[in-house]
Amino acid sequence: MTGIGSGVEAMAGLGALSSGTQERLVGFEELAMPLFNSLYNFARWLTHNSNDAEDLVQETYLKGLRGFASFQRGTNFHAWIFQILRNTFLSSCSKLDQRMTVAMDSEGDGPELAVDTTTPETVLINRSHSQVVQRVIEDLPVYYRETLLLCDAEDMSYQEISQILSIPLGTVMSRLARARKAVREKLNRQEIFDKAAP
């Protein structure tokens, strides 16, 4: 695996690196690279667009690398880098909104769920249910969606979510409960609508 330092040094404007800077770069790489998929998934949910998600993750890594000297070893790097991603998203929302388009869902987008049997019918039903759940979550307000995803998709603790979102622990629990309730209600309405359709 090639290090992120090769291209990031120039991109971050680091120029020639001292041995201390090189050590920080390696330390950042060791902590940040295992989180790449989680950061991308969270960014994809926030932006609803794979290109914007890639840009957001790249900007997050760049900001994280530049600010890594301020990171205190022994603290929660996971929460620190996710907070950078979220803050970067919030600060660029107006830019993203200006160029965001609604993309047609393709068959290859999103995770495929495991199926018990491999008949074409069960595959189609599972994909359909997955797409409905995905649309319901995407329709949630950002503050509910990000709380739900950090907890249920990223398996973060309430404390980590509180730190990332810069909100009290009670607000995390409240938003999570409301997000789950909204998802349940929308899925129940969708199920009733589907049964009523011919």
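Above this text sits the structure in question.
In every chain, residue numbers begin from 1 and rise along the written sequence. Where local features are concerned, this predicted model is filtered to residues with pLDDT of at least 70; where side-chain atom pairs are given and counted, the filter is 80 or more; whole-chain, interface and lining totals use all residues. Only hydrogens and water are set aside when side-chain values are computed; all heavy atoms of the structure are taken into account.

1. Regarding unusual backbone geometry
The backbone of His48 sits at a positive phi, close to 65°, despite the residue not being glycine. Put simply, DSSP H or I for four residues or longer makes a helix, DSSP E for two residues or longer makes a strand, and each gets a number counted from the N terminus. Note on placement: His48 falls in the loop between helix H3 (36-47) and helix H4 (50-66). Categorising residues by exposure relies on relative accessible area from a 1.4 Å probe, with only protein chains included: less than 20% of the type maximum marks a residue as buried, more than 50% marks it as exposed, and the intermediate range marks it as partly exposed. Of the residues examined, His48 reaches a relative accessible area of 27% and is grouped as partly exposed. Even without a glycine there, the phi angle at Ser166 is positive, about 55°. Residue position: Ser166 is located in the loop between helix H8 (158-165) and helix H9 (169-196).

2. Focus: the packing of H3 against H4
Helix axes use the C-alpha atoms of the stretch in contact, all axes being lines fitted to C-alpha atoms, and the angles between their N-to-C directions lie in the range 0 to 180 degrees. At a closest axis distance of 8 Å, the pairing of H3 and H4 adopts a crossing angle of 130°. Accordingly, the angle class assigned to the pair H3 and H4 is oblique. With respect to the hand of their crossing, H3 and H4 are arranged in right-handed fashion. Where H3 abuts H4, its residues Phe36, Leu39, Tyr40, Ala43, Arg44 and Thr47 lie against Ser50, Asp52, Ala53, Glu54, Leu56, Val57 and Tyr61. Only Asp, Glu, Lys and Arg are considered charged, only Ala, Val, Leu, Ile, Met, Phe, Trp, Tyr, Cys and Pro nonpolar, and every remaining residue, Gly among them, polar. Split by residue class, the contact of H3 with H4 holds eight nonpolar, two polar and three charged. Between 65 and 115 degrees an angle is taken as roughly perpendicular, under 35 as roughly parallel, over 145 as roughly antiparallel, and anywhere else as oblique. A crossing counts as left-handed when the near helix is turned anticlockwise from the far one by less than a right angle, and as right-handed when that turn is clockwise. Contacts are residue-level and defined by heavy atoms, with any inter-residue pair within 4.5 Å sufficient.

3. Here we look at the packing of aromatic side chains
Each aromatic ring pair is specified by the distance between its two centres and by the angle formed by the two planes. Only Phe, Tyr and Trp rings take part, Trp by its six-membered ring, and two of them pair if their centres are within 6.5 Å. Stacked means planes under 30 degrees apart, edge-to-face means over 60, and tilted covers everything else. A complete count under the given rule lists twelve aromatic pairs for this structure. For the pair Phe28 and Phe68, a centre-to-centre distance of 5.4 Å together with 75° between the ring planes defines the contact as edge-to-face. Of the two residues, Phe28 sits in helix H2 (residues 19-32) while Phe68 sits in the loop between H4 and helix H5 (77-99), which places them 40 residues apart along the sequence. In this pair, the class of Phe28 matches that of Phe68, namely buried. A connected cluster of aromatic rings, assembled from ring pairs, spans Phe28, Phe36, Tyr61, Phe68, Phe71, Phe77 and Trp80.

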